[in-house]
Amino acid sequence: MKRQWVFAFEEGDGKNKMLLGGKGANLCEMTQIGLNVPPGFTLTTEACQAYLEHDELPKGAWEEVLKSMKDLEKKTGKQFGGTDNPLLISVRSGSSMSMPGMMDTILNLGLNKATLQGIIKLTNNPRFGYDAWRRFIQLFGKIALGVEDKHFDDAMAAMKKKVGVADDVDLKAEHLSELADQFAQIIEANTGKPFPEDPYKQLEIAIGAVFRSWNGKRAIDYRRQFKITREMANGTAVNICTMVFGNMGNDSGTGVGFTRNPGTGENMIYGEYLVNAQGEDVVAGIRTPKAIAEMEHDMPEIYRQLLELHNRLETHYKEVQDFEFTIERGTLYCLQTRNGKMNAAAMVRTSVEMFKEGLITKEKALMRIDPAMLEQLLVPQLSPDFRGKPLATGLPASPGAASGKIVFDADTAESRGMAGEKIILVREETKPEDIHGFFQAQGILTSRGGKTSHAAVVARGMGKPCVSGCEAIHINDIKRSATIGDTTLHEGDVVTIDGGNGNVYAGEVPTVQAEFSHDMETLLKWADQVSRLKVMANADTPEDALRARGFGAMGIGLCRTERMFNATDRLPIVQEMILAESIEERQAAIDRLLPIQRADFKGIFKAMKGLPVTVRLMDPPLHEFLPTAAQLELEIAHLHHLRDSLKALEELPETLKLLNPKLYMQYADGLTKLGRSMTDFKEGHLEEDVIHKKEKTLKKVRALSEVNPMLGHRGVRLGITYPEIYSMQIQAVLEAAALCAREGIEVHPEIMVPQVATVEELVRIHSYVKRIHKVVELTHGIKVDVKFGSMLEVVRACLRAGRMAQDAEFFSFGTNDLTQATFSFSREDAENKFLPGYVEAGILVDNPFEVLDQKGVGELMKLAVSEGRKTNPDLKVGICGEHGGHPGSIAFCHSIGLTYVSCSGPRVPIARLAAAQAQLMETGGAVTKNA
Ligand code: PEP
Ligand code: MG
């Protein structure tokens with residue numbers, strides 16, 4: 001069958017972007033729905049492929065072009081190469097994937113010395129004519145004939161110098177005419193041929209050049225960068241379109257518009273225009289454009305036509321459109337339309353309103369928003385007008401922007417924060433004992449650690465901005481300062497961090513606050529009606545729990561209980577528990593912790609009002625609750641030094657009295673004062689048992705030290721070694737539940753064991769739970785509903801999921817640890833060291849700590865889900881690693897049949913939308929559940 005290489009805008013299939021390119025297809029579609037598009041036609045991407053293969057147009061293609069040009073002359077009443085009413089055309093590239101600016105476009109083709117005079121007569125504007133002429137020669141020379149821009153630029157610079165002006169716009173018609181002649185000479189000198197005056201010759205050369213630009217370096221690099229494969233786009237189309245001019249007098253003009261306000265979503269024509277101007281003038285900002293609203297007064301008839309265009313575009317595309325238009329002597333042309341890019345607030349509002357207007361379905365309203373966009377609406381952002389340069393960039397660990405005075409330790413953060421100052425806590429890395437500093441800080445900045453480091457995870461849970469792993473920052477704890485390159489920051493200096501992109505700025509940068517609009521609530525309610533996946537939150541305190549509910553969490557999927565141990569009033573008790581030398585001593589500390597944990601759980605249960613709460617038993621290694629060995633060594637050495645100095649000072653007066661009684665009298669007063677203050681100090685710090693206690697702690701820290709703490713004595717391993725710790729936690733959960741139940745508060749606690757590798761571990765902890773459950777029910781005289789389950793974050797546990805499921809009512813994938821274990825990549829270090837390089841080199845497509853690795857970690861998950869459900873068909877399975885808040889990973893979790901995802905509070909809305917989209921994709925957009 002004979003192939004058709006060329007399609008007029010009236011006949012091309014607007015849906016066939018692969019063949020006609022995005023721009024071509026859209027021009028066809030607009031033409032066919034009756035919008036006033038300048039007539040034209042498209043050479044197909046197949047013609048491009050054939051051209052690139054044989055270095056010439058395929059047989060018959062040129063004849064089709066010639067015929068189409070004749071048709072164009074008929075449609076426009078203009079003549080290509082004619083002098084009275086010359087037809088000028090644009091020759092534009094356009095593939096099926098948008099590749100802005102990567103391929104070539106030539107405007108005003110058809111101009112030559114003769115047609116130029118026709119244009120000048122028609123526009124009555126010689127300057128415009130010559131300007132178009134010199135631009136065309138340059139563009140054609142560069143794109144179609146390969147002449148370097150530099151030659152033209154030099155000629156332009158020389159002309160401006162000669163005339164004595166700084167700007168192109170100040171050149172007059174005669175200068176531009178002279179420049180055009182010079183440009184033509186440049187072409188002849190560089191190509192050995194005169195500039196082609198024959199418009200058809202121009203056209204033939206231009207088509208070839210646009211086709212070849214598909215294989216230009218820019219385009220190839222772009223495709224590689226954005227992973228555009230041949231299946232997605234294969235060659236560029238060439239669109240030949242009649243030029244229309246907005247600068248033919250005061251009944252002409254040009255502009256750009258949005259069918260709704262892209263900043264707010266309001267349903268109005270939004271945009272700007274210029275009377276008697278070309279498209280480029282709007283972009284170049286030479287004249288200040290007017291708001292489209294003013295057109296109602298200035299050009300009422302055109303304004304009416306624009307309103308009509310607005311309605312037709314929206315009713316046809318069922319999406320907000322961003323369009324370009326030109327008015328040529330009172331006739332409105334639509335030159336281009338595409339889906340409008342809007343901010344998150346506008347996307348949410350337009351989704352709800354377009355549904356209410358009957359323009360789109362609820363499913364489309366949910367599908368058209370990228371869930372990740374919602375983040376903009378949930379946390380404070382840097383003012384969009386801010387253009388400053390960052391001091392340094394780290395990892396974007398927890399979104400949002402915050403400014404504050406830097407402090408280098410959690411105690412100072414706490415005291416200054418409580419005094420009402422805005423604080424950014426800056427640490428090399430944070431530890432659980434820093435938690436009180438987090439509470440009072442606006443944001444956290446660390447120089448080490450990845451996106452699943454302590455700082456990152458805790459900050460996300462609290463909804464506070466965090467930049468982690470900012471290795472350019474060197475912190476000097478002693479001097480209480482930090483250096484970044486040449487800049488030194490002292491404690492109290494103000495910085496701003498942007499946890500959305502990892503940037504750190506000096507000084508305070510204005511931020512805009514988040515807002516959770518009524519439209520957002522509506523949209524998310526629709527999402528919940530559709531989703532199969534439930535969305536839970538990771539929350540550790542009653543405050544976090546309340547906030548998570550505000551974001552629409554359907555329960556708590558992970559409460560990291562150890563976080564409660566870190567508050568200033570509890571840490572000393574926990575340390576006593578760790579340092580205990582006998583079971584009795586340990587039990588005494590544990591007995592003091594029990595009522596505290598019980599009260600915490602009660603607070604969380606109350607906040608969650610009957611929604612399930614998954615409490616994870618203690619996970620981190622014990623040394624995390626103690627100071628580091630280095631810190632203790634330093635403190636002990638310091639104390640020894642002080643004690644020795646004090647002793648020497650105490651002996652000094654006696655020596656002085658003997659040697660020089662006069663001098664002694666003179667300084668007696670001062671020495672008494674000094675002695676008094678030293679005594680005060682001594683009482684506070686230098687008592688033997690303070691030093692002794694620190695030395696004892698140091699011994700314990702050394703004993704607890706491990707080469708690989710992440711693979712060490714943590715999680716369930718602690719629960720097996722110290723059953724009394726886990727027993728206390730289990731008792732606290734169950735008693736809190738019993739107390740709530742007695743107060744008439746519905747509670748659904750679930751106890752979860754971390755780091756499980758063997759069935760025996762799980763069985764052992766399950767036996768504690770069963771025993772304590774019985775005792776609590778008996779002593780409180782009330783039934784307590786509790787579920788028991790396991791985290792799956794160790795590879796072996798996934799492989800043994802079938803057997804595990806006999807003892808577990810639920811599984812929760814801890815994909816932070818599971819990713820670490822599957823790749824053998826340290827989650828604390830990989831993101832700052834080799835991972836960015838891996839992603840850049842294409843060895844990994846994404847950072848697996850951020851985007852779930854479906855092929856590896858995902859396979860383990862699939863296996864565990866299917867094996868687990870074979871033995872326990874009612875098995876509830878969730879995910880509580882950071883991937884639970886990542887839209888693409890959520891879609892995967894949906895596809896393998898998880899019951900829920902759990903993520904940090906501020907990500908809950910994102911996850912709710914992503915869960916709905918996953919369901920809609922599965923059912924092809926049809927709402928099958930709860931609709
Ligand atoms: C995990 O490993 O995915 C998890 C949720 O636990 P944590 O991050 O506390 O180790
Ligand atoms: Mg874990």
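Parameters and conventions
Along every chain, residues carry numbers that run from 1 in the direction the sequence is written. Ligands are numbered from 1 and chains lettered from A, in the order in which they are written. At least 70 in pLDDT is required for a residue's local features to be given in this predicted model, at least 80 for side-chain atom pairs to be given and counted, and no such filter applies to totals for whole chains, interfaces and linings, which use all residues. For side-chain calculations, the full set of non-hydrogen atoms in the structure is used, while hydrogens and water are omitted. UniProt positions are given in the numbering used here, feature names are shortened, and annotations may be inferred rather than shown by experiment. Each helix is a run of H or I in the DSSP string that is no shorter than four residues. Each strand is a run of E no shorter than two, and both are numbered from the N terminus. Working definition: with a 1.4 Å probe on protein chains only, accessible area under 20% of the residue-type maximum means buried, over 50% means exposed, and in between means partly exposed. We call two residues in contact when some of their heavy atoms are within 4.5 Å. Note on donors: an N, O or S atom is included if it sits within 2.8 Å of the metal, or within 3.2 Å for Na, K and Ca, and water is never included, so sites can look incomplete. Side-chain rings of Phe, Tyr and Trp, where Trp is taken by its six-membered ring, are said to pair if the distance between their centres is within 6.5 Å; with planes under 30 degrees apart they count as stacked, over 60 as edge-to-face, and otherwise as tilted. In the analysis that follows, any N or O atom pair within 3.5 Å is treated as a polar contact, provided that within protein one partner can donate a hydrogen and the other can accept it, and provided that, for residues neighboring in sequence, both atoms belong to side chains. By salt bridge we mean one thing: a side-chain nitrogen of Lys or Arg within 4 Å of a carboxyl oxygen of Asp or Glu. Buried residues of nine kinds, namely Ala, Val, Leu, Ile, Met, Phe, Trp, Tyr and Cys, make up a nonpolar core once their side-chain atoms join them within 4.5 Å. Marked domain ranges trace back to an automatic or database domain assignment. Distances are taken per atom, and a residue is near a molecule or strand as soon as one of its heavy atoms is within 4 Å of it. Only the protein chains shown count as cover for residues, with accessible areas throughout obtained via the Shrake-Rupley method and a probe of 1.4 Å. Throughout this entry, Asp, Glu, Lys and Arg are counted as charged residues, while Ala, Val, Leu, Ile, Met, Phe, Trp, Tyr, Cys and Pro are counted as nonpolar. The remaining residues, Gly among them, count as polar.

As named in an unreviewed UniProt entry, the protein is Pyruvate, phosphate dikinase, taken from Sulfuritalea hydrogenivorans sk43H. Per its UniProt entry, the protein bears the Cofactor (unreviewed entry) comment "Mg(2+)". Per its UniProt entry, the protein bears the Sequence similarities (unreviewed entry) comment "Belongs to the PEP-utilizing enzyme family."

What UniProt calls "binding site: substrate" (unreviewed entry) maps, in this numbering, to R560, R616, E793, G814, T815, N816 and D817. Mapped onto the elements, G814 comes out in the loop between strand 29 (810-813) and helix 31 (815-823). Under the relative-accessibility criterion, G814 is labelled buried at 3%. Among all residues touching G814, those that are not within four sequence positions of it are M791, L792, E793, C880 and G881. Assignment of secondary structure puts N816 in helix 31. Ignoring any residue separated from it by four or fewer positions in sequence, one finds N816 in contact with T452, R560, R827, F849, G881, E882 and H883.

Turning our attention to the coordination of the magnesium ion (ligand 2). The expected angle between donors at a tetrahedral four-coordinate metal is 109.5 degrees. At an octahedral six-coordinate metal it is 90 or 180 degrees. Listed as protein donors to the magnesium ion (ligand 2) are E793 (OE) and D817 (OD); their distances from the metal cover 2.0 to 2.1 Å. Of this pair, E793 sits in the loop between strand 28 (787-792) and helix 29 (795-799) while D817 sits in helix 31, and the two are 24 residues apart along the sequence.

This next bit is on the packing of aromatic side chains. Counting across every chain of the model gives 16 aromatic pairs. With a centroid separation of 5.6 Å and an interplanar angle of 45°, the aromatic rings of Y51 and F211 are classed as tilted. Taken together, the residues span a long stretch of sequence, with Y51 in helix 2 (residues 45-54) and F211 in helix 8 (residues 199-212) at a distance of 160 residues. Residue classification places Y51 among the buried residues on the basis of a relative accessible area of 9%. Geometrically, the ring pair formed by F152 and F183 is edge-to-face, given 5.0 Å between the ring centres and 75° between the ring planes. Residue F152 is located in helix 6 (residues 149-163), and its partner F183 is located in helix 7 (residues 173-191); the two are separated by 31 residues in the primary sequence. Assessed through its relative accessible area of 0%, F152 is described here as buried. Using a relative accessible area of 0% as the deciding quantity, one classes F183 as buried. An aromatic cluster is present here, built from W133, F136, F140 and F195 joined pairwise through their rings.

This paragraph deals with unusual backbone geometry. Positive phi, close to 55°, is recorded for N124, a residue that is not glycine. Structurally, N124 is set in the loop between helix 4 (113-123) and helix 5 (126-144). In this structure N124 comes out as exposed when scored by relative accessible area, which is 68%. The phi angle at K609 is positive, at roughly 40°, despite the residue not being glycine.

Summarizing the sequence annotation, UniProt attributes the feature "binding site: Mg(2+)" (unreviewed entry) to E793 and D817 in the numbering used throughout. The annotated residues occupy 25 residues of the chain but converge on a single region, no pair of C-alpha atoms lying more than 5.4 Å apart. Among all residues touching E793, those that are not within four sequence positions of it are P754, Q755, G814, D817, L818 and A821. There is a polar contact of 2.8 Å between the side chain of E793 and the backbone nitrogen of Q755. What makes D817 buried here is its relative accessible area of 6%.

With that settled, the discussion passes to the pattern of salt bridges. Side chains that differ in charge, positive against negative, can pair when their charged atoms come close. Within the structure shown, the criterion is met by 55 salt bridges. For R702, the salt bridge identified is with E633, shortest N-O distance 2.6 Å. Of this pair, R702 sits in helix 25 (residues 688-704) while E633 sits in helix 23 (residues 629-659); the two residues are 69 residues apart in sequence, bridging distant segments of the chain. Taken together, the salt bridges that share partners define one network made up of E562, R616, D619, R714, D817 and R827.

With that settled, consider the nonpolar core. One finds L374, F605, I751, F811, F813, M861 and L898 to be the most contacted residues of the largest nonpolar core, which totals 133 residues. Per-element accounting of this core gives the leading share, 11 residues, to helix 27 (residues 723-742). Two domains each donate at least three residues to this core, and these are domain 5 (541-621 + 711-790) and domain 6 (629-704). Excluding anything up to four places from it in sequence, M861 contacts F813, T815, L818, L852, I879, F892, C893, I896 and L898. Core analysis: the second largest hydrophobic core is formed by 67 residues, V6, L43, A144 and I186 among them.

Around ligand 1 lies a shell of 14 residues, among which R560, G814, N816, D817 and R827 are the nearest. Side-chain polar atom of R616 to an oxygen atom of ligand 1: 3.0 Å apart, as the coordinates give it. Relative to its unbound accessible surface of 290 Å², ligand 1 loses 96% to contact with the protein. Those elements that provide at least two residues to the shell around ligand 1 are strand 25 (556-560) and helix 31. Here the residues of the shell around ligand 1 are counted per class, giving three nonpolar, four polar and seven charged.

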